[in-house]
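# A structural walkthrough
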Amino acid sequence: MSSTANASELGNIENMDKNQKIFQAIGIIRGDVFISEESKVFIQIDQNSYLLLFAPRCRKAYQALLLDVKNHSGKDKRLVVYPKFIHFPSRDKQHIVSFQLIGFDNGASPQDSAAMELGDFEFKLSGLWQFIPVCRIPCISVLRNYTEQRSQHLKELEPDKKARFLKASHLPLLWKDSVITPFRFNPKLNKEQLDKPMFVSVKAKFLSHRNVFGFDSLLGTPTPDAPRFLKLRRDKTQENEGKPKPYTPEMSKKEIPKKDTPNNTNHSPIDVKNKQKI
């Protein structure tokens, strides 16, 4: 990696444990980097421009890239990135693709780094192979790997920040004649009747003309046993706090909302109707 001051940091990101099965999505993109009038950084790949994001832990890599662009122009930069996809409720609306910068290759990358292991536009994708409601193409869903440190950190976050932290990445993958069928949720089946989504690890190429990935090869045997991951647990008590209960016929008389009128302060509408029939 460049003097992005990140060789050891990047190594930790890429290798939580090379022998351990983990959720991940990391790869290489190549193109011309430029800075917009709004000071946002983009990379041009073919006819498309993609926003470049960065995480606080990768700030040094981001600053080093900006300096390199300033000193040597932004032509033909080879970047190590995480893919970011935003899907919309309407399946007919095209998803938005951006990339989170991890580092960039200046020809001096460690032999075991992603910059050396992967070719241009190649990605390692490891996650759950499934359909999601907002995408016509099956996706590899990359979830947050579980660590004790992350689990403790999660407890300190506000609900909205917790939800953002745990948000999964759903990466559309064109995989013709896939060896396994992508999981599809069926609301008509009980939980016990549903199959589990398979955990897969593949090498894929980013196809900029379609803004999806294309399958290249398997990196491991698909398995129903996914690595441990962090889940968003909703507090139902907190969710329902301050919300009135909807009326249902099964509600007891005590639970039926009382009509706030002077003549019927002690009876529900149903009580009054029943008394009139007696």
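The structure this text deals with has already been given above.
Below is a short write-up of the structure. Since the model is a prediction, treat every value here as computed from it, not as a measurement. (Residues numbered from 1 in each chain as written. Predicted model: local features only at pLDDT ≥ 70, side-chain atom pairs only at ≥ 80, totals over all residues. Heavy atoms only, no water.)

### Regarding the overall build of the protein
- From N to C terminus, the protein includes seven helices and 10 strands.
- Put simply, the protein has 278 residues, and 41% of those count as buried.
- The contacts in the protein between residues at least 6 apart in sequence include a share of 68% that link residues at least 24 apart.
- Counting only carbon and sulfur atoms, one obtains 49% of the accessible surface of the protein, whose full area is about 17,800 Å². (Helix = DSSP H or I, 4+ residues; strand = E, 2+ residues; numbered from the N terminus. Buried < 20%, exposed > 50% of the residue type's maximum accessible area, 1.4 Å probe, protein only. Contact = heavy atoms within 4.5 Å. Areas by Shrake-Rupley, 256 points an atom, 1.4 Å probe, with all protein chains shown as cover.)

### Some words on the packing of aromatic side chains
- A complete count under the given rule lists 13 aromatic pairs for this structure.
- Each ring, one from tyrosine 50 and one from phenylalanine 99, has its centre 5.5 Å from the other, and the planes form 75°; the classification is edge-to-face. One end of the pair, tyrosine 50, is in strand β3 (residues 48-54); the other, phenylalanine 99, is in strand β5 (residues 96-105), with 49 residues separating them in the sequence.
- Since its relative accessible area comes to 0%, phenylalanine 99 is described here as buried.
- Plain terms: the ring middles of phenylalanine 54 and tyrosine 62 are 4.1 Å apart, the flat faces sit at 25° to each other, and that makes the pair stacked.
- Classification of phenylalanine 54 by relative accessible area gives partly exposed; the value is 29%.
- Accessibility expressed as a relative area gives 12% for tyrosine 62, which makes it buried. (Phe/Tyr/Trp six-rings, centres within 6.5 Å; stacked < 30°, edge-to-face > 60°.)

### As for the nonpolar core
- Ile29, Leu52, Leu79, Phe99, Leu125 and Phe213 are the most contacted members of the largest nonpolar core, which has 38 residues in total.
- With five residues, the single largest contributor to this core is strand β9 (residues 198-207).
- The contact partners of leucine 79, leaving out residues within four places of it in the chain, are Gly27, Ile28, Ile29, Val33, Ile43, Leu52, Leu65, Leu101, Gly103 and Phe104.
- One finds Cys58, Val80, Tyr82 and Ala114 within the second-largest nonpolar core, a separate group that totals nine residues. (Core = buried A, V, L, I, M, F, W, Y, C linked by side-chain atoms within 4.5 Å.)

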